[in-house]
Amino acid sequence: MEIPSARPGEALPTNNPEPPAQSFPDNDPAPGRIEVESLYKSYETESGFREVIKDLSLSVTEGQVTAIMGPSGCGKSTLINLLAGYEKPNGGKISIDQKPVTGAGPDRLVVFQETALFPWLTTFENVAYGPKIRRELKGEKLDSVIMSLLRTVGLEDFRDKYPSQLSGGMQRRAELVRALVNRPKVMLLDEPFRGLDAMTRSLMRDYYLDLFERHKGTQVFVTSELDEGLLIADRLAIVTNRPGRIKKILDVALPRPRDESLRGSPEYLSLKAEALELLHEEALKSFKAGAVNSADFVGAYAAMG
Amino acid sequence: MTDNPSGIIPAVESLPLAEAATAEPQAAAHRPRGPLAKWLTSPAPWLNVSGILGFLLLWHLLTTVLRLPLFDKLPGPLETVGEWFSRNPTYGISVFTVEYYQHIGLSCLRVFLAFLLATALGVPLGLLMGWKKTFCDYTFPVLELLRPIPMLAWVPLAILMWPGRETSIVFLTFLGSFFATLLNSWLGVKSIDRSYFRAAASLGASESLLFRKIVWPGAMPFVFTGLQISMGYAWFSLVAGEMLAGEFGLGYLIWDSYILVQYPVIIIAMFTLGVVGSLSSLIIRLVGNLLIKWKVKEA
Ligand SMILES: Nc1ncnc2c1ncn2[C@@H]1O[C@H](COP(=O)(O)OP(=O)(O)OP(=O)(O)O)[C@@H](O)[C@H]1O
Ligand SMILES: [Mg+2]
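Residues numbered from 1 in each chain as written. Chains lettered and ligands numbered in written order. Predicted model: local features only at pLDDT ≥ 70, side-chain atom pairs only at ≥ 80, totals over all residues. Heavy atoms only, no water.

## What to know about the pairing of strand β3 (residues 65–69) of chain A
Residue and element names in this part refer to chain A. Taking burial as the measure, the 5 residues of β3 include 5 buried ones, the bulk of the element. What you see with β3 is no split at all: Val65, Ala67 and Met69 on one side and Thr66 and Ile68 on the other are buried throughout. Here 4 bridges tie β3 to strand β8 (residues 218–222), and the two strands are oriented parallel to one another. Looking across to β8, one finds that Ile68 is bridged to Val222. Across 4 bridges, β3 lies against strand β9 (residues 235–239) in parallel orientation. Looking at the pairing, Ala67 lines up with Leu236 of β9. (Buried < 20%, exposed > 50% of the residue type's maximum accessible area, 1.4 Å probe, protein only. Helix = DSSP H or I, 4+ residues; strand = E, 2+ residues; numbered from the N terminus. Pairing = 2+ DSSP bridges.)

Structure (structure tokens):
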């Protein structure tokens, strides 16, 4: 079943008249595998030399969602920037399907923490940007692929709107689709739903799960919400306080497709308790180290537990 | 997804509706009125008109009724307007004389040429400076050295360098607007969020595409702000240039009328400058709004 696309001012149809969204014209490419070996990244700042990532090793398995969690400022966004090729590590190796990462490219697409939809392009033009500049798809074929994706996330009536005319949740969905239309081997998502209200956030998670389960690509998904992480992830990687490295990887072997009802199950609860314990430990360390917003972080996790 | 548990659906149902409401808040009940109709039914036009009338009244009082020492040499509004719209003007300048339009036309032509030149050079140079750090490193010190030099300080050089008065005046006017255009175009690129460049690079954009698809549209709002400022500077510099070296034009007319003791003409030329100056920046604003639709709609 497809998530029905709701139009403004119109009740959801009970039986969906739309044909099922055919995903892509060709097959999705094989999802990629990322290997990160003893990664090291430091910055020169005004207050001196700062090690952000130190000795971080991680295998991101193909076709799975690997969620990344850790205290604020532990280097999660830095890790994403390194994987995307926006920045260069000071040490260690990153490869995707055995090929070393040297720069940015359409095989690894990023959904940013803040929206990066081009404000001067409409929703449709934003989504069409990648395929157009690479001249991979054009004309009616491109049109139908994009419209079917926009329909999946309920944005087909907003194709000609500019990003500033979309709500926060719509912008996030448009951005997911803009990345997905390029059929990347890997998607990198850096807290893509941060700043959305709780309702929109859980809705976004469902859209995301639907898209992921349809298109199965390798996903690296940074989040600060444990429930979000557990509901979407196949593996949950917990990063230590800065300098960040992987503290532990939990296998989230919950059945798919997933939804909220899982949250009461014993497996879920025991996983959550374990993750909470690990996160709490790191948050406390970061608190002792005097990180700026770690106080909120500890508070938030105490409230969750 | 083949068996989506029904638990998801209610959330899907309620949310996009709420989001749609925020995206199009005024789509409901009222038929949308045009901006002009809205303006006409608001108190604004009345306030505008009374502001102008108050100004004219004050002018009249100061120059004609009270005849304060500071103002007693100035022509009053009745005298000025009488001369301005006279078929047979005492001093030979009114809306019915050809000379009046020759002065306006020549000033506009000079500003237009200088502004065009400043835009054609300033915008690409500014964008390039913002985009390529090495280019900026070359040019920035020179720019920062030349930019603060008041335009009037250039007058002797302008006269020495260029053959004839015409080119000197256009050159001075060009200088006035060039730096504002350059600086704002440069700032425009600097204002573009890094994540747009990153997103474009990930999506596969080449360097030249980055320039056309990110730098150019992204800097556009700043560029147009710069053009408006630079148009103001152009008129400022033009008048100074014409006063010093002109044989025609509104700036020349002001200075000439002062020397010939034709005071109403000074006021006429000044107001004319006010009108053409406003019109020229209005045109830039309209063109900008047309090109930057995505920004206008944000309001
Ligand atoms: N370009 C940079 N120059 C200097 N320091 C940086 C730079 N980028 C990041 N840092 C520092 O690196 C640390 C990690 O930053 P990063 O943004 O990766 O953290 P994060 O885990 O994503 O945090 P958050 O949860 O707040 O998003 C921070 O202390 C930050 O100040
Ligand atoms: Mg971050």
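## Focus: the sheet that holds strand β10 (residues 246–251) of chain A
Residues and elements named next belong to chain A. Read across the sheet, 6 strands follow the order β6-β7-β8-β3-β9-β10 without closing on themselves; strand pairing throughout is mixed. Two strands lie at the open edges of the sheet, namely β6 (108–111) and β10, each paired on one side alone. Strand-to-strand twist in this sheet, taken as the mean axis angle between neighbours without regard to direction, amounts to 20°. As defined by bridge partners, β9 adjoins β10 across 5 bridges and the pair is classed as antiparallel. Residue Arg235 lies in a different strand from β10, and its bridge partner there is Asp251. Sheet contacts for helix α5 (residues 198–215): β3, β7 (186–190) and β8; angle to β8, the most-contacted strand, approximately 160°. Sheet strands in contact with helix α7 (residues 266–288) are β3, β9 and β10, and its direction is about 170° off that of β10. (Axes fitted to C-alpha atoms, helices over the stretch in contact; angles between N-to-C directions. Contact = heavy atoms within 4.5 Å.)

## A short note on a nonpolar patch on the surface
Residue and element names in this part refer to chain B. Judged by side-chain polarity, Val49, Ile52, Leu53, Phe55, Leu56 and Phe271 come together as a nonpolar surface patch covering roughly 540 Å² of accessible area. With 5 residues, helix α3 (residues 44–65) is the single largest residue contributor to the nonpolar patch. By the secondary structure assignment, Leu53 is in helix α3. (Patch = residues over 30% accessible without salt bridge, like charges linked within 9 Å, V, L, I, M, F, W, Y side chains within 5 Å. Areas by Shrake-Rupley, 256 points an atom, 1.4 Å probe, with all protein chains shown as cover. Salt bridge = Lys/Arg side-chain N within 4 Å of Asp/Glu carboxyl O.)

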